[in-house]
Amino acid sequence: KFVEIETSINGRQMKMKLDPRTSLLNLLREQLSLTGTKLGCNQGACGACTVFIGKERINSCLTLAAQIDGQEVTTIEGIGSEEDFHPMQAAFIEHDGFQCGYCTSGQIMSAIKVVENNRAGSDDEIQEWMSGNICRCGAYKGIVAAIKTVRD
Ligand code: FES
């Protein structure tokens, strides 16, 4: 049995029929080819799959696609482009906020919300509010520097 949903993804209205067990992460990557959002742990522990639903950041691996019915979803593809980077993307490049880059989309999505929600007061606060996003390469120093640049 399928569920029918209507949603907006990166500003594009769409209607679709889904298997109700589909995760939002799978919908984005497998069905819509929005592969900027990454699959890491698939259990809410690494943050590689972070996207926005409305104004909130969420782990798309833990969210059912059916839950975005009537909602607005934004992925890394929706915040900027190669020709026109979001300030947070530009700051990550400036401060080397990545090495392999696998976690970067999720880091950037989270970082945008940390600044928007005024949770970037100090390095400790930034680290606390970014703690749901793991970077195996250990690029944390650059990530914190990038966030402070955007904050200021
Ligand atoms: Fe979703 Fe790790 S893949 S939190």
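Residues numbered from 1 in each chain as written. Predicted model: local features only at pLDDT ≥ 70, side-chain atom pairs only at ≥ 80, totals over all residues.

- As recorded by an unreviewed UniProt entry, the chain carries the name 2Fe-2S iron-sulfur cluster-binding protein and is attributed to Autumnicola tepida.

**Topic: the sheet that holds strand β3 (residues 50–53)**
Then, number 1: Read across the open sheet, the five strands follow the order β2-β1-β5-β3-β4; overall the sheet is mixed. Whereas interior strands pair on both sides, the edge strands pair on one side only; in this sheet they are β2 (12–18) and β4 (56–59). For this sheet the average axis-to-axis angle between neighbouring strands, irrespective of direction, equals 40°.
Then, number 2: Both strand β1 (residues 3–9) and strand β5 (residues 72–74) contribute to a ladder of two bridges, which runs parallel. Among the inter-strand pairings, S8 is bridged to a residue of β5, identified as E72.
Then, number 3: Against the sheet, helix α3 (residues 104–116) touches β3 and β4, its axis set at about 45° to β3. (Pairing = 2+ DSSP bridges. Helix = DSSP H or I, 4+ residues; strand = E, 2+ residues; numbered from the N terminus. Axes fitted to C-alpha atoms, helices over the stretch in contact; angles between N-to-C directions. Contact = placed C-beta atoms within 7 Å.)

**A few points about unusual backbone geometry**
Then, number 1: The backbone phi angle of D96 is positive, close to 50°, even though this residue is not glycine.
Then, number 2: Among the secondary structure elements, D96 is positioned in the loop between α2 (87–94) and α3.
Then, number 3: A residue is classified by how many C-beta atoms lie within 10 Å of it, and D96, with 13 of them, is partly exposed.
Then, number 4: A positive phi is found at N118, a non-glycine position, where the angle reads about 55°.
Then, number 5: Of the residues examined, N118 has 10 C-beta atoms within 10 Å and is grouped as exposed. (Buried ≥ 20, exposed ≤ 12 C-beta atoms within 10 Å, placed from the backbone.)

**Focus on the packing of α3 against helix α5 (residues 140–151)**
Then, number 1: For the pair α3 and α5, the least separation of the axes is 10 Å and the interaxial angle reads 40°. As the angle between them shows, α3 and α5 are arranged oblique. The way α3 lies across α5 gives a crossing that is right-handed. Contacts between α3 and α5 involve Q107, A111, V114 and V115 on the former and, on the latter, I143, A146, I147, V150 and R151.
Then, number 2: Split into classes, the residues belonging to the contact of α3 with α5 amount to seven nonpolar, one polar and one charged. (Parallel < 35°, antiparallel > 145°, perpendicular 65-115°, else oblique. Left-handed = near helix turned anticlockwise from the far one by under 90°. Nonpolar A, V, L, I, M, F, W, Y, C, P; charged D, E, K, R; others polar.)

**A short note on the packing of α2 against α5**
Then, number 1: It is at 8 Å that the axes of α2 and α5 come closest, and there the two elements cross at 135°. By the angle class used here, α2 and α5 are oblique. When the axes of α2 and α5 are compared, the crossing they make is right-handed. Residue-level contacts link P87, M88, A91, F92 and E94 of α2 to A146, T149 and V150 of α5.
Then, number 2: Taken together, the residues that form the contact of α2 with α5 break down as six nonpolar, one polar and one charged.

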